[in-house]
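Structure assessment
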Amino acid sequence: MAEGFLPYGRQTIEDDDVEAVVRALRSDFLTTGPEVARFESMVAEAVGAKWAVAVSNGTAALHTACFAAGVGEGDRVVVPAVTFLATANCARYLGAEPMFCDVDPDSGLMSARALERLLDERPKAILPVHLNGRAADLEAIGRLASDAGAVVIEDAAHALGAGGIGSGELAIFSFHPVKHVTCGEGGAITGNDPDLEDRARSFRNHMMERREDRLTNPSPGPWYYEASEVGFNYRLTDIQAALGCSQMGKLGRFVDRRRALAARYDEALRDIDGVEPVPAGSESAYHLYAVLIDFDRFGVTRAELMTGLRDDGIGTQVHYIPLPMQPYYAKRGWRYEDFPGARRYYERVLSLPLFPAMADDDVDRVVDSLSKRLEGPK
Ligand SMILES: *Cc1c(COP(=O)(O)O)cnc(C)c1O
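Only a predicted model underlies this, so the values are computations on that prediction, with no experimental measurement involved.

**As for the packing of helix H9 (residues 251-269) against helix H14 (residues 360-375)**
Packing of H9 against H14 brings their axes to within 10 Å, and their N-to-C directions diverge by 35°. The handedness of the crossing between H9 and H14 comes out as right-handed. Along the contact surface, H9 presents Arg257, Leu261, Arg264, Tyr265, Ala268 and Leu269, while H14 presents Asp360, Val363, Asp364, Val366, Val367 and Leu370. Grouping the constituent residues of the contact of H9 with H14 by class yields 8 nonpolar, no polar and 4 charged.

**Regarding the site of the ligand**
Among the 14 residues in the neighbourhood of the ligand, the closest are listed as Gly58, Thr59, Asp155, Ser174 and Lys179. A distance of 2.7 Å separates an oxygen atom of the ligand from a polar atom in the side chain of Ser174. The contact in question runs from an oxygen atom of the ligand to an N or O atom on the side chain of Lys179, over 3.0 Å. Of all the elements, helix H3 (residues 58-68) adds the most residues to the shell around the ligand, at 3 residues. The residue inventory of the shell around the ligand, partitioned by class, reads 4 nonpolar, 8 polar and 2 charged.

**What to know about the sheet that holds strand E8 (residues 275-277)**
Spatial strand order, E8-E9-E10: 3 strands in an open sheet with antiparallel pairing. With one partner strand each, in any of the chains shown, E8 and strand E10 (349-352) form the two edges of the open sheet. In this sheet, neighbouring strand axes are inclined to one another by 35° on average, regardless of whether the strands run parallel or antiparallel. In terms of strand pairing, E8 meets strand E9 (residues 289-293) through 3 bridges, oriented antiparallel. Across the sheet, Glu276 pairs through a bridge with Leu292, a residue of E9. Here H9 sits on the sheet and contacts E8, E9 and E10; the angle it forms with E9, its principal contact strand, is near 20°. In the packing of helix H11 (residues 302-311) onto the sheet, contacts are made with E9 and E10, and the angle to E10 comes to roughly 10°.

Conventions used here
Residues numbered from 1 in each chain as written. Predicted model: local features only at pLDDT ≥ 70, side-chain atom pairs only at ≥ 80, totals over all residues. Heavy atoms only, no water. Axes fitted to C-alpha atoms, helices over the stretch in contact; angles between N-to-C directions. Helix = DSSP H or I, 4+ residues; strand = E, 2+ residues; numbered from the N terminus. Left-handed = near helix turned anticlockwise from the far one by under 90°. Contact = heavy atoms within 4.5 Å. Nonpolar A, V, L, I, M, F, W, Y, C, P; charged D, E, K, R; others polar. Near = heavy atom within 4 Å. Polar contact = N/O pair within 3.5 Å; in protein donor to acceptor, adjacent residues only side chain to side chain. Pairing = 2+ DSSP bridges.

Below is the structure:
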């Protein structure tokens, strides 16, 4: 891969992945079939949860998890100020309001101290995000949540394969192509409580209920079903699940490769003062390789650097624009100035290319170009 354009992330699709999809296409089931069930078992096993429910994407998984947890009209849901839009939007889908929690300025993870200050508002749920693949402080967050009577829903879209995540009350995963393993589009909710599983499964399929002991009216015959609440069509197809199963078999290898590439970045970046890797800990699944750059010191803006790297064939991205800055949430009364941790993180962060098919040389090429673009003649 040493010559072509290096995107900040991309999928790794191999011949056996293609064959798995073709087999699904030739099978009896294109949706709601055995591949979906197999995919769910693989995801549950990988994260150490009792069950997994597969859905059409990670955003649908967030919506479903919040619904299963009982989030509804007028409830409050705590979301870190630095995350993807979907983590907060899922509260709005249910008529609830996200409350933004400031983050640690270096890791970008939800700050337990900032969370503590929000608990007087009695949130229904708390959604820590395992940003970049590193687990949030689930111990401290879990303790605060249980004192406040709130449910913890982990947004683990970055963290499949990381240590210490996904085995709690509720967690969600994404299988978008940029994530660790992909279904094309796909998502999953994991958990341990069978009642939550039941609600998640129903929500995915219009809340259609056929079990006689749960019907409101007597069943007139075998065609009969009832819906007592509004659900959605959030089903994953067997075509997607077949790809997901094939990819799940490679999760360990992909995460190992990401960690090896990250270690090489860490080592190479030691020589550049003013560029620090976002601290990741030893169990990160490295969805992203993010660095913090002291742009003032170099006299280069982030936009200039990104353009320069792009000219060298290197793609980078910023994860994420803090949500209180988004016009939609600003209109709802949030002020970016109230989140000094998010601001400090956002002003410095940049994601460098990282995906399993990258060669060691690619890392060296990125670091050389970064060093040249930061320190070169102006
Ligand atoms: C990718 C992602 C999502 C949404 O997943 P989709 O599958 O794209 O809907 C949610 N939260 C985070 C942190 C993500 O990175």
